[in-house]
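Chain by chain, the residues run as shown.
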Amino acid sequence: MDIVVKGRKTEVPERFRKHVAEKLKLEKIQKLDGKVISLDVEVSKEPNPRQADRSDRVEITLHSRGPVIRAEAAAADPYAALDLATGKLEARLRKNNEKRHNRRGSGRISAAEVVDTVPGVAQLNGNGDVVPEGSGAAGSVPTTKMGSLEVQGEGPLVVREKTHVAAAMTLDQALYEMELVGHDFYLFVDAETKEPSVVYRRHAYDYGVIHLTTDPLAETDAGGAGGALGG
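Residues numbered from 1 in each chain as written. Predicted model: local features only at pLDDT ≥ 70, side-chain atom pairs only at ≥ 80, totals over all residues. Heavy atoms only, no water.

1. Here we look at the overall build of the protein
Of the regular secondary structure elements, the protein holds 5 helices and 9 strands. In sequence order, the protein lays out its α and β elements as β-α-α-β-β-β-α-α-β-β-α-β-β-β. Counting every position in the protein, which comprises 231 residues, the buried fraction comes to 31%. If you take every contact in the protein between residues at least 6 apart in sequence, the share linking residues at least 24 apart comes to 44%. Of the roughly 14700 Å² of accessible surface on the protein, a fraction of 53% belongs to carbon and sulfur atoms. (Helix = DSSP H or I, 4+ residues; strand = E, 2+ residues; numbered from the N terminus. Buried < 20%, exposed > 50% of the residue type's maximum accessible area, 1.4 Å probe, protein only. Contact = heavy atoms within 4.5 Å. Areas by Shrake-Rupley, 256 points an atom, 1.4 Å probe, with all protein chains shown as cover.)

2. A few points about the sheet that holds strand β1 (residues 2-8)
Ordered in space as β1-β2-β3-β4, the 4 strands form an open sheet in which the pairing is mixed. Strand pairing shows two members of the sheet lacking a second neighbour, β1 and β4 (69-75), which therefore form its edges. Across the sheet, the axes of successive neighbouring strands diverge by a mean angle of 15°, strand direction being ignored. Across 7 bridges, strand β3 (residues 56-64) lies against β4 in antiparallel orientation. Bridge pairing links Arg-57 to Ala-74 in β4. Sheet contacts for helix α1 (residues 14-23): β1, β2 (36-45) and β3; angle to β1, the most-contacted strand, approximately 140°. (Pairing = 2+ DSSP bridges. Axes fitted to C-alpha atoms, helices over the stretch in contact; angles between N-to-C directions.)

3. What to know about the nonpolar core
With 25 residues, the main nonpolar core has Leu-24, Val-58, Ile-60, Leu-62 and Leu-89 as its most contacted residues. Among the secondary structure elements, those contributing two or more residues to this core are α1, α2 (26-32), β2, β3, β4, α3 (78-104) and α5 (171-181). Among the elements that line this core, the one with the most residues is α3, at 5 residues. In contact with Leu-62, other than residues within four places in its own chain, are Ile-29, Asp-33, Val-36, Ser-38, Leu-39, Pro-67, Val-68, Ile-69, Leu-89 and Leu-93. Grouped together as the second largest cluster of nonpolar side chains are 7 residues, Ala-174, Met-178, Tyr-186 and Phe-188 included. (Core = buried A, V, L, I, M, F, W, Y, C linked by side-chain atoms within 4.5 Å.)

4. Section: the confidence of the model for the protein
Within the protein, residue pLDDT values average 75, and 65% of them lie at 70 or more. Note on residues 124-139: pLDDT is under 50 here. Beyond four places in sequence and across chains, it has 27 contacts. (pLDDT = per-residue confidence, 0-100.)

5. Some remarks on the pattern of salt bridges
In the structure shown here, the tally under the stated rule is 6 salt bridges. Here Glu-42 ties to Arg-8 by a salt bridge, and the two come within 2.4 Å at their closest N and O atoms. With Glu-42 in strand β2 and Arg-8 in strand β1, this pair connects stretches of sequence that are 34 residues apart. Relative accessible area serves as the criterion here: at 10%, Glu-42 is assigned to the buried category. As a salt-bridge pair, Glu-72 and Arg-57 come within 3.0 Å of each other at their nearest N and O atoms. A residue pair is termed long-range when its members are at least 10 positions apart, and Glu-72 in strand β4 and Arg-57 in strand β3 qualify at 15 residues. The exposure class assigned to Arg-57 is partly exposed, which follows from its relative accessible area of 31%. (Salt bridge = Lys/Arg side-chain N within 4 Å of Asp/Glu carboxyl O.)

6. What about the pairing of strand β7 (residues 185-189)?
Alternating positions in β7 separate cleanly, Tyr-186 and Phe-188 being buried on one face and Phe-185, Leu-187 and Val-189 remaining unburied on the opposite face. Counted along the chain from β7 to the antiparallel partner strand β8 (residues 196-201), the turn is 6 residues long, and its residue Lys-194 has a positive phi close to 65°.

7. Some thoughts on the environment of Phe-188
You can see Phe-188 is positioned in strand β7. Take Phe-188: its relative accessible area is 5%, and that puts it in the buried class. Apart from residues no more than four positions distant in its own chain, Phe-188 is found in contact with Met-169, Thr-170, Leu-171, Ala-174, Glu-195, Pro-196, Ser-197, Val-198 and Val-199.

8. Observations concerning the environment of Ala-168
Mapping Ala-168 onto the fold places it in the loop between β6 (149-152) and α5. The spacing of Ala-168 and Asp-190 is 22 residues in sequence and 5.6 Å in space, taken between C-alpha atoms. For Ala-168, the residues in contact, after removing those within four places along its chain, are Val-189, Asp-190 and Ala-191.

9. A word on the sheet that holds β7
In space, the 3 strands of this open sheet follow the order β7-β8-β9, with antiparallel pairing throughout. Of all strands in the sheet, those with a lone pairing partner are β7 and β9 (207-211), marking the two edges. Each adjacent strand pair in this sheet contributes to an overall mean axis angle of 20°, direction not counted.

Encoded structure:
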């Protein structure tokens, strides 16, 4: 299993890289998930002095032959942030491991076993790095290219683009994988309708689901589906 440590707009000292390798014990992780392929550890720093108590952020992403599991945390220094993120990662690994064993008795397959069962299933890829900014011709309005978008002027738009290829799944599995990555929403293809859908966290333990379908008669500039999640 490979551990890749990188910094986002910050340098990562060699001492911290060695600490990561010692903290993320391979035997313990492989015991909870025997199909793990790699671990990505990304370190970033918040320059705002008002956020001094949360200035260092560590995000750990575990790639395996099953679902991607992610954990992140922020603290006053990267070592403390790593401790918090590691604790979250191990808790999610234990949850995934327990659910996998519980499902075996009922004849259902776990998310970690989908790759071995569903033909053509693909894994998450891409790290979403922003494309370097470009500039327009002299005397003209500057144009910035971010991913597949072009922004004219000096708008405050920041885009982080990711492309995922995944097998269709049930709503229950989408909710489960949303919890594993620690996000408030999860984009998936509904196994029953084959439509792109989003499940999102609302209040307390309530969830909402948005299904997106194509209407060939709809106007191309209709803005109903692109709004913010809510309701």
